[in-house]
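Structure assessment
The chain contents come next:
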Amino acid sequence: MRFDVITLFPEFIDHCARIGVVGRARERGLLDVACWNPRDYAGGNYRRVDERPFGGGPGMLMMIEPLRECLAAARAAAVMPGDTPAPLIHLSPQGEKLTQAMVRKLASQPRLLLLCGRYEGIDERLIEREVDAEVSIGDFVLSGGELAAAVLIDAVGRLQHGALNDEQSAVQDSFEGGLLDCPHYTRSESLGTAGVPDVLLSGDHAAIARWRRQQALGRTWLRRPDLLARTTLCDDDRALLAAFSREWLRAQAVPTSK
Ligand code: 9D3
């Protein structure tokens, strides 16, 4: 899969795409990330890429012409005869919120163009004419689209076939299964096994699997009831969760002095 990122900060995207699972996917040739800088398509002595908005007010917009030429160059690069044009995704606070379902759909595309805004954003006409989808990564304010693009590349990149090791298998992911993860524990010289649930030290693999499933269910119930509401649980899961909530409610109850 190939990403073409239109950004005023190509070094940032490049750096992100060299790290960890995504970096390895790139080394393995599963993923290609190319950056395109509108500044390289800006004219004049100052190579300006910002422009004042019609109607006045504070802040600047990205200048249209460098952006259009940059986009045209990105679109034209590495196109084979018969290729369908790659969709252009604008990372934007006005976009649809990114979900794992969306990530999965995007991961099946051979190529995506990502457009990162800076300043107050991009002329609406360019968005109307060129952009196929707008994507936000959540309800908080960033200073530009690059972090959002890096998030998308990470989430999509790790799903490329062969990017993950067996242990990191994507089917186990939180959200893929509709549940949060269970807590994890490891060997520690300073802490010993204090605070580690006994069952994890028992060697009883069936009991461990049951405990982990129950913790996943219980933590989703406590922290993300919205996720739980969208999943139908089998009888075993419902029994595990019922036992978890009974225990949790008992532990919460104010001890009464007699
Ligand atoms: C404070 C500026 N805002 C004026 C009302 C508008 C605004 C413009 C540009 C807010 C944020 C940005 C830059 N953000 C993004 O480019 C962005 C983003 C985000 O801020 N939050 C979540 N997802 C995304 S995707 C791109």
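Use the structure listed above.
Small disclaimer: the values here were computed from a predicted structure and weren't measured. Residue numbers run consecutively from 1 along every chain, following the written order of its sequence. Two thresholds apply to this predicted model, a pLDDT of at least 70 for residue-level local features and 80 or more for giving and counting side-chain atom pairs, whereas whole-chain, interface and lining totals are computed over all residues. Each side-chain value is derived from all of the structure's non-hydrogen atoms; neither hydrogens nor water enter the calculation.

Considerations on the site of the ligand
Any residue with at least one heavy atom within 4 Å of a molecule or strand is counted as near it. Surveying the vicinity of the ligand reveals 16 residues, the closest of which are Ile 137, Gly 138, Phe 140, Leu 142 and Gly 144. Pairing of N or O atoms within 3.5 Å defines a polar contact, subject to two protein rules: one partner must be a possible hydrogen donor and the other a possible acceptor, and residues neighboring in sequence count only if both atoms are side-chain atoms. Within the backbone of Gly 145, a nitrogen or oxygen atom sits 3.2 Å from an oxygen atom of the ligand. The cavity where the ligand resides is the largest pocket. Per the convention used, a helix needs a DSSP run of H or I reaching at least four residues, while a strand needs a run of E reaching at least two, with both numbered from the N terminus. Of all the secondary-structure elements, those providing two or more residues to the shell around the ligand are strand 5 (88-97) and strand 7 (133-136). Per-element tally for the shell around the ligand: the top contributor is strand 5, with three residues. Within this scheme a cavity is a closed region of a 1 Å grid, computed over the protein atoms alone, that accommodates a 1.4 Å probe without allowing it to escape, whereas a pocket is open but has protein on both sides within 12 Å along at least five of seven lines; lining residues each have an atom within 4 Å of a point. Any molecule with more than half of its atoms within 2 Å of a cavity's or pocket's grid points is counted as sitting in it.

Quick look at helix 4 (residues 100-107)
Residues spaced three or four apart along an α-helix face the same direction, because each turn holds 3.6 residues. Each residue's exposure class comes from its accessible area (1.4 Å probe, protein chains only) as a fraction of the maximum for that residue type: buried when under 20%, exposed when over 50%, partly exposed otherwise. What helix 4 keeps buried is the set Met 102, Val 103, Leu 106 and Ala 107. Projected down its long axis, helix 4 shows its buried positions confined to an angular sector of 140°, all on one face. For this analysis, residues touch if any pair of their heavy atoms sits within 4.5 Å. At its buried positions, helix 4 is contacted by strand 5, strand 6 (111-116), strand 7 and helix 6 (146-157). This arc corresponds to the set of directions leading from the helix axis out to the C-beta atoms.

What to know about the sheet that holds strand 6
Overall, parallel pairing links the five strands, which are arranged 2-1-6-5-7 in an open sheet. With partners counted over all chains shown, the strands left at the sheet margins are strand 2 (32-36) and strand 7, one partner each. The average undirected angle you get between the axes of adjacent strands in this sheet is 35°. Note on pairing: DSSP must find at least two bridges between two strands before they are called paired. Two elements, strand 1 (residues 2-6) and strand 6, share five bridges in a ladder whose sense is parallel. Residue pairing for strand 6: Arg 2 is matched across the bridge by Arg 111. Axis definition: a line fitted to C-alpha atoms, over the contacting stretch in the case of helices. Angles run 0 to 180 degrees between N-to-C directions.

A closer look at unusual backbone geometry
Leaving glycine out, the prevailing phi sign among residues is negative, and the prevailing peptide bond configuration is trans. Its identity is not glycine, yet Arg 47 carries a phi of approximately 50°, on the positive side. Take Arg 47: it is sitting in the loop between strand 2 and strand 3 (50-51). A relative accessible area of 39% places Arg 47 in the partly exposed class. Of note in the backbone geometry, Ala 78 takes a positive phi value of approximately 55° without being a glycine. Among the structural elements, Ala 78 can be located in the loop between helix 3 (64-76) and strand 5.

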